[in-house]
Amino acid sequence: MNSQEILTIKDILVYLNRFKYLIIFVLMLSLAFTYWLTKKQTKIYSASVSLIINFRESTPVEEISERYYTSFQEYDAFYNTEYERIRSYGLAKEIVERYKLNENPYFENLVKNDGDVASALQSMLTLTPLEESNKVMLNIEGTDPDIVALFANYYAESYKDYNLRRKTEHLKKSISWLEERVSEADERVINAEKNLFDFKFKNRVILTTSEDNRNTTIQKLYSLEEKYNEFRVQRIDAEQEYNYYLKKDKKDNSYLFKDSSYINLQTSLLVKRNELSTTLEKYEENHPKILSLKEQIKNIETKIEAIEEQYKKSIESRYKIILAKEKEVLTLKEKAIIDALKIEENELIYKQNKRTANTETEIYKMLLSELKKNNLKLLLQTNNIEILDYAKIPMAPIKPKLKLNLVLGFFAGGVLSFLLILLLLYLDKTVKTRDELETTYGLTFLGHLPKDVKIEAPKIPYKELYSINAPRSSFAENCRSIITNIDFMNQSESEKINKTFLVTSPGPMEGKTTIASNLASTLADQGLKTVVIDTDLRKPRLHKVFFNDNKVGLTSFVSGGMDLDSIIQKTELQNLDFISAGPIPPNAIQIIKSKKFKELMDLLSERYDRVIFDSPPTSAVSDPMVLSKMLDGVVLVVKYNTTNKHYLREAVTQFNGIQSKVIGVILNQADPSKISYYSYKKYHYYYYGK
């Protein structure tokens, strides 16, 4: 923990200690107000019914219960939906109507003002689901303990009945819908079967074509195809032969060489022509031999022509017969194909009608099965809502909670105290802590002096010299500590002590004269010859501390009317003298700036070990600034909870501006328990036993 954090904690503790009575007062006031307000509040009672909401209801017949895994989202959605049903306005209105709550005295004023009883009942309801369970607490809150217990049980019973009725009505609607669908499906099945029968009757379809019939049809097609191809080849050969005969050379009879009768006739024709040619060499044209040979030749040619004509007719006839057979087989093949396709078409249509009939039958069976299941569910319907514990009449209210309200009131009082402290600190412009003097203003803290000092047996008759009259007090101890601190604040390396110093304060009535006198008496008690001089030439008070008059003093010496010995006044304390201010001059600053004043300072420095100057406040006059330039240093006195921060800041700025040495600061009339400093009181008690 660094120093800044320590200071912050110390500041908090200091402020808490400083304002402890304010804090206690505000806390007590806050607690009292909270207690009073709690007692004034209307008592609220709560009655609870514990419900079990099962995600799946069990049935005697397990087969009709669908089994599947449920996701967390579906599980949460189910329960959130059930909670909304319980909170719904419709359920509240049903309870009001069922139990005639409009006539209940609890809602009498509400009914008179035309209020909505269902909404009022709904506002009394709260639900508290228990984690990792199916249990939920149904709570009813109200001002009457008997009523809230009664309403809670009303709510639980109504919700249970509503839940069963809701599921039963749902099943009845499902059954009604399924009955309509089954009737429609039955009609569609009848129509589909009738259409199938009509098709079979119309197309003479007894059964669908078997695989054997299909194979027979295919085999027939293959056979016709082979015959067609065979006749087609023959027809092509005959056609080629016929076309060749039509286009051949008339003299070309080579195609008849295979016919033996034709060859014999050709041979006879050749012989006869040769014989005719030989005979013509011997005989004339009209010779009977010639004529006979010609006749024979003509007969042979006629026979040859007859053979050729017969061959021609045979070729043409063969071609036409094969062509006719080819066409006949082609026609049979086409008809067989058409018959096969017709069979396929009839089978396809039959299958479509059959499939439609089967589909409608399956739909009918499925709907009929669901109808039976729903009818069975309706007969075996159970409620997934259980009432575990009914509500009991509450013995004590749940609101207002006195302990909780008192705790909240305590914290509210603490916050209010904190805000008040902040406000007081904001409004307070006075100095209070050592840390503030050291951190904010950069001053050396010499010590603090307490406010109250008890004097049991005065040693000298000067009441304000507490350091001598109460030597064992914390005031005296702190004075000795301050003197020690002043001695260690060296002005330069050549000097070991601050021999001459000024005691002043930012404002009036801050105790500078008393402190200057006590510091002087402490120095004198330590054996140092000390003189304290009152340089407050406007409102001098040092002479009152020593119970003397102010007829002669500083101004008497400076004016030249008296010497040093004449203005020095002895006290009853050994080694301690004082010089009063003397008659008040018209211009005090001229007295301080005069040569005689400097002469007085020199004389006193030679005669005394310590010279202390009591000056007026820095906020009133400029005398302290002038004096500070002539002395070894300045000791500032600030009064706890009195000195204005603005005056202190201005004094420090002025002394720093003229480069005067500020030895340190003394916090006067401080309570050790309220400042951030070592408790001198405890220190004193520890060492002195008082």
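About the thresholds
Residues numbered from 1 in each chain as written. Predicted model: local features only at pLDDT ≥ 70, side-chain atom pairs only at ≥ 80, totals over all residues. Heavy atoms only, no water. Helix = DSSP H or I, 4+ residues; strand = E, 2+ residues; numbered from the N terminus. Expected span 1.5 Å × (residues − 1). Buried < 20%, exposed > 50% of the residue type's maximum accessible area, 1.4 Å probe, protein only. Arc of directions from axis to C-beta. Contact = heavy atoms within 4.5 Å. Phe/Tyr/Trp six-rings, centres within 6.5 Å; stacked < 30°, edge-to-face > 60°. Lys NZ or Arg CZ within 6 Å of the ring centre and 35° of its normal.

Trainee: Can you explain helix 2 (residues 20-40)? Please cite residues and give values.
Mentor: Between its first and last C-alpha, helix 2 extends 30 Å over 21 residues, near the 30 Å set by a 1.5 Å rise per residue. Within the sequence span of helix 2, burial applies to Ile23, Val26, Leu27, Ser30, Thr34 and Thr38. Around the axis of helix 2, the buried residues are gathered within 100° of arc, so they sit on the same side. Exposed and facing more than 90 degrees away from the buried side of helix 2 are Tyr21, Phe25, Met28, Leu29, Lys39 and Lys40.

Trainee: With reference to specific residues and values, describe the side chain of Ser417.
Mentor: Secondary-structure assignment places Ser417 in helix 11 (residues 402-427). For Ser417, a relative accessible area of 2% corresponds to the buried category. Setting aside residues up to four positions removed in sequence, Ser417 forms contacts with Ile23 and Val26.

Trainee: Give a description of the packing of aromatic side chains that names residues and reports values.
Mentor: Using the criterion set out here, one finds 17 aromatic pairs in the structure. Between the aromatic rings of Tyr79 and Tyr83, the centroid separation amounts to 6.3 Å while the plane-to-plane angle is 45°, which identifies the pairing as tilted. Of this pair, Tyr79 and Tyr83 both sit in helix 3 (residues 72-87), separated by four residues, roughly a single helical turn. Considered together, Tyr79 and Tyr83 belong to a single accessibility category, that of buried residues. Between Tyr106 and Phe107 the ring centres are 5.2 Å apart and the planes differ by 90°, which places this aromatic pair in the edge-to-face class. Take Tyr106: its relative accessible area is 27%, and that puts it in the partly exposed class. Put simply, the rings of Phe55, Tyr75, Phe78, Tyr79 and Tyr83 touch in pairs and so form one group of aromatic residues. The ring centre of Tyr608 lies 5.4 Å from the NZ or CZ of Lys529, which sits over that ring.

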